[in-house]
Amino acid sequence: GEDVEQSLFLSVREGDSSVINCTYTDSSSTYLYWYKQEPGAGLQLLTYIFSNMDMKQDQRLTVLLNKKDKHLSLRIADTQTGDSAIYFCAGFDSWGKLQFGAGTQVVVTP
Amino acid sequence: DTEVTQTPKHLVMGMTNKKSLKCEQHMGHRAMYWYKQKAKKPPELMFVYSYEKLSINESVPSRFSPECPNSSLLNLHLHALQPEDSALYLCASSRVDRQGNEQFFGPGTRLTVL
């Protein structure tokens, strides 16, 4: 199955860029996803990348994929206080189930 | 309408109670999911319904009983729960149960078992 690892905590100052990293072991997922979860809320899909791409940009979000190293990252430009949340990377395992990383808590300080 | 709704938002129940969680979507999705999420942990898949039929049961104890009465509704019936079942229960839906189909999540029901 998909084993997905993430660093657990990131503190960033407002206006700076945030980079959240994720590594995975199973390469069977055609798509890799980034979800955001604000306190007390469900998961919101932020963006995704197709596995044959190495970069995708969507407004303030940039996803980088290094298939050789099985490394996925999410860069948030000009981080705002509203970006404070837990961010999960996710991919499908060989059984077709969506597997999530442990989640990275991002805290944005003024 | 691109929303998954869940009721209730919060639920407190005793170990002898019977209650139900409800989930609804009107996006025409034919796959619906129940996930359990403990604090500061990622969601864990419990059940998958595909075209109103149960396709995946992740060895969930029988005190959790899912039901999909039609393509828009998903229920989770709860009976004789334990305190360790306290968690956020998330419902999700996708167009079909296949890779590449975005899963839309509801806001969850926060369940406390006393």
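Our structure is the block above this text.
Attention here is on the structure that accompanies the text. (Residues numbered from 1 in each chain as written. Chains lettered and ligands numbered in written order. Predicted model: local features only at pLDDT ≥ 70, side-chain atom pairs only at ≥ 80, totals over all residues. Heavy atoms only, no water.)

Points about the nonpolar core
- Core analysis: the largest hydrophobic core is formed by 23 residues, its most contacted members being W34, F64, L76 and L78 of chain B.
- Broken down by secondary-structure element, the contributors of at least two residues to this core are β2 (10–13), β3 (18–25), β4 (31–37), β5 (44–50), β7 (64–70), β8 (73–79), β9 (87–94) and β11 (109–113) of chain B.
- Core analysis: the second largest hydrophobic core is formed by 20 residues, I86 of chain A together with A31, Y33 and L90 of chain B among them. (Core = buried A, V, L, I, M, F, W, Y, C linked by side-chain atoms within 4.5 Å. Buried < 20%, exposed > 50% of the residue type's maximum accessible area, 1.4 Å probe, protein only. Helix = DSSP H or I, 4+ residues; strand = E, 2+ residues; numbered from the N terminus.)

Some points on the pattern of salt bridges
Residue and element names in this part refer to chain A.
- In this structure the tally under the stated criterion is six salt bridges over all chains.
- Ionic pairing is found between K36 and E38, a salt bridge with its closest N-O pair at 3.6 Å.
- Exposure remark for E38: the relative accessible area of 35% places this residue in the partly exposed category.
- Its salt-bridge partner being K68, residue D69 comes within 3.6 Å of it at the nearest N-O pair. (Salt bridge = Lys/Arg side-chain N within 4 Å of Asp/Glu carboxyl O.)

Regarding the packing of aromatic side chains
- In this structure the tally under the stated criterion is 14 aromatic pairs over all chains.
- An angle of 45° between the planes, with centres 5.3 Å apart, marks the rings of Y35 of chain B and F105 of chain B as tilted. Highlighted residues: Y35 of chain B in strand β4 and F105 of chain B in strand β10 (residues 104–105), separated in sequence by 70 residues.
- Residue Y35 of chain B is classed as buried on the basis of its relative accessible area of 0%.
- Feature note: the residues Y31, Y33, Y35, Y48, F50, F88, F92 and F100 of chain A together with Y33, Y35 and F105 of chain B constitute an aromatic cluster, connected by ring pairs.
- The ring of Y48 of chain A is capped by K56 of chain A, whose NZ or CZ atom sits 3.9 Å from the centre of that ring. (Phe/Tyr/Trp six-rings, centres within 6.5 Å; stacked < 30°, edge-to-face > 60°. Lys NZ or Arg CZ within 6 Å of the ring centre and 35° of its normal.)

A word on the interface of chain B and chain A
- Across the boundary between the two partners, chain B contributes 22 residues, which contact 21 residues of chain A.
- In total, chain B and chain A occlude about 1500 Å² of area from one another, counting both sides; carbon and sulfur atoms represent 57% of this.
- When the area that chain B buries against chain A is broken down by residue, the three leading residues are P42, Q99 and F105 of chain B, summing to 32%.
- For E58 of chain B, the salt bridge is made with K97 of chain A, and the minimal N-O distance between the two is 2.8 Å.
- Taken together, the connections running from chain B to chain A amount to three residue pairs in polar contact (both at pLDDT 80 or more). (Contact = heavy atoms within 4.5 Å. Buried area = accessible area lost by both parts, 1.4 Å probe. Polar contact = N/O pair within 3.5 Å; in protein donor to acceptor, adjacent residues only side chain to side chain.)

What about the sheet that holds strand β3 (residues 18–24) of chain A?
All names here are of chain A.
- Taken together, the five strands give an open sheet; going across it, the order is β1-β3-β8-β7-β6, and neighbouring strands pair in antiparallel fashion. With partners counted over all chains shown, the strands left at the sheet margins are β1 (4–6) and β6 (55–58), one partner each. Put simply, the sheet's adjacent strands are angled 15° from each other on average, direction ignored.
- Bridge count for β6 against strand β7 (residues 61–66) is four bridges, and the pairing is antiparallel. Following the sheet pairing, K56 is matched in β7 by V63. (Pairing = 2+ DSSP bridges. Axes fitted to C-alpha atoms, helices over the stretch in contact; angles between N-to-C directions.)

Regarding the sheet that holds strand β1 (residues 4–7) of chain B
All names here are of chain B.
- With respect to topology, four strands assemble into an open sheet ordered β1-β3-β8-β7, the strand pairing being antiparallel. Looking along the sheet, the strands with just one partner apiece sit at the ends: β1 and β7. Put simply, the sheet's adjacent strands are angled 20° from each other on average, direction ignored.
- Pairing of β7 with β8 involves five bridges; the strand directions are antiparallel. Paired with S65 across the bridge in β8 is H77.

Points about the environment of L111 of chain B
Residues and elements named next belong to chain B.
- Topologically, L111 is positioned in strand β11.
- For the pair L111 and R63, spaced 48 residues apart in the sequence, the C-alpha separation amounts to 14 Å.
- Setting aside its immediate chain neighbours within four residues, L111 contacts L11, M13, L78, L81, D85, S86, A87 and Y89.

Quick word on the state of the cysteines
- All told, the structure shown has two disulfides over all chains when counted by the stated rule.
- Between the sulfur of C22 of chain A and that of C89 of chain A lies a disulfide, 2.0 Å long from S to S. Because the torsion about its S-S bond is 75°, the bridge between C22 of chain A and C89 of chain A counts as right-handed. Of this pair, C22 of chain A sits in strand β3 while C89 of chain A sits in strand β9 (residues 85–92), and the two are 67 residues apart along the sequence.
- Judged by relative accessible area, C22 of chain A falls into the buried class, the value being 2%.
- When its relative accessible area of 0% is taken as the criterion, C89 of chain A is described as buried.
- One disulfide bridge connects C23 of chain B with C91 of chain B, the sulfur atoms lying 1.8 Å from each other. The sign of the -70° torsion about the S-S bond sets the C23 of chain B-C91 of chain B disulfide as left-handed. Residue C23 of chain B is found in strand β3, and its partner C91 of chain B is found in strand β9; the two are separated by 68 residues along the sequence.
- With relative accessibility at 0%, the residue C91 of chain B sits in the buried group. (Disulfide = S-S within 2.5 Å.)

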